[in-house]
2 protein chains.
Amino acid sequence: MALDIVRSDPDETQSGAARVFTFFRDRLLSGELKAGDRLLAERELALALGVSRPVLREALRSLAMLGLLDIQHGRGAFVRAADASVLGQALTLCLAPEPNILDDVLQARIAIECQAIRLACERASERDLQAIAGILDTLVDSLDDPERGGGADYAFHLALVRASGSSALMKIYEAISPLLMRSHVERRRDTFREPAITSRLVDAHCEVFLSLARREPDQAERALRQHFLIGDELRRKNLISTYQARENQP
Amino acid sequence: MALDIVRSDPDETQSGAARVFTFFRDRLLSGELKAGDRLLAERELALALGVSRPVLREALRSLAMLGLLDIQHGRGAFVRAADASVLGQALTLCLAPEPNILDDVLQARIAIECQAIRLACERASERDLQAIAGILDTLVDSLDDPERGGGADYAFHLALVRASGSSALMKIYEAISPLLMRSHVERRRDTFREPAITSRLVDAHCEVFLSLARREPDQAERALRQHFLIGDELRRKNLISTYQARENQP
DNA sequence: AGGCCTAAACTGGTAAGACCATGGACTGAC
DNA sequence: GTCAGTCCATGGTCTTACCAGTTTAGGCCT
């Protein structure tokens, strides 16, 4: 009763579940509802908001699907901390119908990382640099293990973005990561046997790191772009060899 | 009955609405459901999927909230083309709790645009270039109108990203656009009276365009970064003058 | 008196049925 | 041939009831 604010929402065109949905979304955006908060019981909420329980549930369920709510049977509904996985899902859905998604997402990755490393050159703390150095060690150690190596590779680039201190870049990077991950590991599996390649790979990472540690943005970005170019070249060679193999044995 | 595939989903932990939700999501991802398709009526779907109508509605409503479905009263539910607005919403929700979002999102914008213009130097078609040139004309024409000018400014940068031919970059750019828009117009309103500034603004855009037309990636990115730097500087001066005004009249 | 076990009172999850509101199509009259 | 009214299909909402986990409080046994 007392909470019957929903009806007084400015946008009267929305009705029922949509109204309740925006009601909670706004409260989440404004920070009035924080992560961990427990919502009232469904029956009480329905009463308070002046809608029936099914309608309320449609809204709550929608918020849950978006990852904003954590509804637990028998316990209640809890506000969940905003997570990049939602973003990733949304991105995946948006990009699903497009062709050449992998190449395309790679471009986004390059975009984020190149800007991130510029920022990192200005903002990275000692801790950030040490973290990256540690990952670099792991990378060198795990050259012969495509699984660990791939993980370290990913961790290296993620640490770069984190060192930028920009949560927006970080969130977007995390969002596109799942799309990148697959090709990342696969590519590594194909190439980890070549000593020449792995050595160049380590050199590239080292150069990026050194430029960052020396706080040289232009140099760092150039090194990073070079690194990506090499990756691109490798992928192309892979494609060619795959095609040739298929041609020989149709 | 015949469609009772949902129950045989591998993940038995999910129940009811969540199962139906993933059912449709997967069909959307796989392209089995295309934009414009009309779903069966709720009652039929509920029967076919072996769930009650409320449960089905919870799932459909969730998809609608995500922007994947367009449910029309009296007509039916239609698959909607994947839209960047969902992405924008998700991003807004993810970034809501963070401080300094505006600066941060600006960094993401710079990231996207700098990579986009590099790609555009390789890929932009004649049409793309002509479109950008047209917008540039509009920009020059509307120097004294902050509303139109701001719009043209935005259109210019959007056209740059579009010219990259990367839908991923485009989608992400569209997603962060609403967050940028506000500050964009506001800033322009504050500065459009200064002839020196507006002239520099036009020069900057022209230089970016020329570099693009000449297909010089490094040059183009440098011009773009310079453009952003000037914007940053302007914003800082604005902040200072605002602060000073407040100090004089507390 | 204290600990354990059970049952009741929460909580969300699901179902069925009825009714209203809207949109479109069909049919009738003009 | 055209227009208007009716009818049907569809989504929108509510009510009610019951099922299924979770918590808690009270009683029972030790």
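Read on for a plain summary of the structure.

Calculation notes
Residues numbered from 1 in each chain as written. Chains lettered and ligands numbered in written order. Predicted model: local features only at pLDDT ≥ 70, side-chain atom pairs only at ≥ 80, totals over all residues. Heavy atoms only, no water. Least-squares fit on C-alpha atoms with pLDDT ≥ 70 in both. Contact = heavy atoms within 4.5 Å. Helix = DSSP H or I, 4+ residues; strand = E, 2+ residues; numbered from the N terminus. Buried < 20%, exposed > 50% of the residue type's maximum accessible area, 1.4 Å probe, protein only. Arc of directions from axis to C-beta. Buried area = accessible area lost by both parts, 1.4 Å probe. Salt bridge = Lys/Arg side-chain N within 4 Å of Asp/Glu carboxyl O. Polar contact = N/O pair within 3.5 Å; in protein donor to acceptor, adjacent residues only side chain to side chain. Nonpolar A, V, L, I, M, F, W, Y, C, P; charged D, E, K, R; others polar. Axes fitted to C-alpha atoms, helices over the stretch in contact; angles between N-to-C directions. Parallel < 35°, antiparallel > 145°, perpendicular 65-115°, else oblique. Left-handed = near helix turned anticlockwise from the far one by under 90°.

So, on to the relation of the copies chain A and chain B. When chain A is fitted to chain B, the residual RMSD is 0.3 Å, and the transformation amounts to a turn of 180° plus an axial shift of 0.0 Å. Put plainly, the chains are arranged around a two-fold axis. Of the residues that chain A buries at the interface, 100% are likewise interface residues in chain B, meaning the two copies contact each other through the same surface.

Let us look at the environment of Ala-35 of chain B. All names here are of chain B. As for its position among the elements, Ala-35 is in the loop between helix H1 (17–29) and helix H2 (42–49). Taking C-alpha positions, Ala-35 is 4.8 Å from Ala-81, a pair spaced 46 residues apart along the chain. Residues contacting Ala-35, with those up to four places away along its chain left out, are Val-79, Arg-80 and Ala-81.

All names here are of chain B. By the burial criterion, the buried members of H2 are Glu-42, Leu-45, Ala-46, Ala-48 and Leu-49. Down the axis, H2 shows its buried residues gathered within 165° of arc, on one side only. Residues Arg-43 and Leu-47 are exposed on H2 and point more than 90 degrees away from its buried face. In this structure, the buried side of H2 is in contact with H1 and helix H3 (53–65).

Each partner contributes residues to the interface: chain A has 46 residues there, and chain B has 46 residues. Both sides together, the interface formed by chain A and chain B hides about 4,200 Å², and carbon and sulfur atoms give 66% of it. At the junction of chain A and chain B, the tally comes to 7 salt bridges. Glu-221 of chain B is paired through a salt bridge with Arg-225 of chain A; the nearest N and O atoms lie 3.8 Å apart. Counting the contacts that link chain A with chain B gives 15 residue pairs in polar contact (both at pLDDT 80 or more). Contributions of two or more residues to the side of chain A that touches chain B are made by helix H1 (17–29), helix H3 (53–65), helix H4 (84–95), helix H5 (101–123), helix H8 (167–191) and helix H10 (217–248) of chain A. Per element, the largest residue contribution to the side of chain A that touches chain B is 11 residues, and it comes from H5 of chain A. Split into classes, the residues belonging to the side of chain A that touches chain B amount to 26 nonpolar, 8 polar and 12 charged.

The next subject is the packing of H5 of chain A against helix H5 (residues 101–123) of chain B. Two elements in contact, H5 of chain A and H5 of chain B, have axes whose closest approach is 8 Å; the angle formed by their N-to-C orientations is 130°. Judged by the inter-axis angle, H5 of chain A sits oblique to H5 of chain B. Where H5 of chain A crosses over H5 of chain B, the two elements pack in a sense that is right-handed. Contacts between H5 of chain A and H5 of chain B involve Gln-107, Ile-110, Ala-111, Ile-112, Gln-115, Leu-119 and Arg-123 of chain A from the former and Gln-107, Ile-110, Ala-111, Ile-112, Gln-115, Leu-119 and Arg-123 of chain B from the latter. Looking at the contact of H5 of chain A with H5 of chain B residue by residue, the class counts come to 8 nonpolar, 4 polar and 2 charged.

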